[in-house]
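Analysis of the macromolecular model
Residue-level listing of the chains:
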Amino acid sequence: EAGVAQSPRYKIIEKRQSVAFWCNPISGHATLYWYQQILGQGPKLLIQFQNNGVVDDSQLPKDRFSAERLKGVDSTLKIQPAKLEDSAVYLCASSQETQYFGPGTRLLVL
Amino acid sequence: QKEVEQNSGPLSVPEGAIASLNCTYSDRGSQSFFWYRQYSGKSPELIMFIYSNGDKEDGRFTAQLNKASQYVSLLIRDSQPSDSATYLCAVHSGGGADGLTFGKGTHLIIQP
């Protein structure tokens with residue numbers, strides 16, 4: 001069974017630029033999550049989708065972050081404009097009962 | 001604000017000994033508890049989950065849960081150098097929104 005796929009794996013941008021991350025969950029997993037993991041911290045939930053609907057986005061900084069899962073499978077997370085403090089690893093996870101994480105996208109904002 | 005607390009370490013344990021990792025949580029309504037292992041530069045990998053008070057064993061790993069004390073632990077028997085990693089405790093509070101709340105993780109070092 002293929003795992004959660006994410007791209008790109010690394011991204012370097014300058015502050016105020018925009019960036020987008022892509023996630024393809026494990027086949028058949030209806031629930032998809034985006035987490036942000038800052039160096040030295042545990043992952044922090046940004047948004048949870050059930051199929052193509054948002055279940056929880058209470059910790060998503062909506063002034064600059066947006067996410068969508070239009071067809072209930074792939075998802076994209078966008079940051080516009082990026083700030084220095086957005087430098088982190090962005091992890092996508094999917095689940096039926098337990099959550100499995102993708103390899104993450106490492107973002108550096110200069 | 002739901003919180004999950006872990007000692008960041010590093011926790012240094014000799015090879016072959018038992019490593020004991022601890023975690024406390026603030027939300028009394030929490031229903032399920034997870035331990036993830038994270039190697040440097042890699043994503044978290046699920047080791048164990050536990051829902052009920054008591055112990056749950058899986059190979060060299062034992063998870064312990066005490067809901068009255070809001071305490072979760074992970075024991076690793078016969079520790080190996082390959083067990084050296086950061087161990088993340090995560091809590092799910094139940095309901096439809098089941099995103100996990102993670103602690104900061106404990107950095108475990110197994111000394112050969």
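Right above here is the structure, for reference.
Our next topic: the overall build of chain A. Secondary structure summary: chain A contains zero helices and eleven strands in total. Across chain A, helices and strands are ordered from the amino to the carboxyl terminus as β-β-β-β-β-β-β-β-β-β-β. Taking the principal axes of the C-alpha coordinates as reference, chain A spans close to 35 × 25 × 25 Å. At a minimum sequence separation of 6, the contacts of chain A that also span at least 24 residues come to 51%. When the accessible surface of chain A is summed, it comes to about 5,600 Å², and 49% of that surface belongs to carbon and sulfur atoms. Of the side-chain charges in chain A, 12 are positive and 10 negative, and the distance between the mean point of each set is 7 Å.

All told, the structure shown has two disulfides over all chains when counted by the stated rule. Across the disulfide, Cys23(A) is cross-linked to Cys92(A) (sulfur-sulfur distance 1.9 Å). Its S-S torsion of approximately -70° makes the covalent link between Cys23(A) and Cys92(A) left-handed. A residue pair is termed long-range when its members are at least 10 positions apart, and Cys23(A) in strand β3 (residues 19-24) and Cys92(A) in strand β9 (residues 88-95) qualify at 69 residues. Sulfur-sulfur distance for the disulfide between Cys23(B) and Cys89(B) comes to 2.1 Å. Residues Cys23(B) and Cys89(B) are joined by a disulfide whose S-S torsion is about -70°; by sign, that bridge is left-handed. Of the two residues, Cys23(B) is situated in strand β3 (residues 19-25) and Cys89(B) in strand β9 (residues 85-92); the sequence distance between them amounts to 66 residues. Grouping residues by exposure puts Cys23(B) and Cys89(B) together as buried.

Reading guide: rules and limits
Residues numbered from 1 in each chain as written. Chains lettered and ligands numbered in written order. Predicted model: local features only at pLDDT ≥ 70, side-chain atom pairs only at ≥ 80, totals over all residues. Heavy atoms only, no water. Helix = DSSP H or I, 4+ residues; strand = E, 2+ residues; numbered from the N terminus. Contact = heavy atoms within 4.5 Å. Areas by Shrake-Rupley, 256 points an atom, 1.4 Å probe, with all protein chains shown as cover. Lys, Arg positive; Asp, Glu negative; His and termini not counted. Charge placed at Lys NZ, Arg CZ, Asp CG, Glu CD. Disulfide = S-S within 2.5 Å. Buried < 20%, exposed > 50% of the residue type's maximum accessible area, 1.4 Å probe, protein only.

Note that all results are geometric; they support no functional claim without further evidence.
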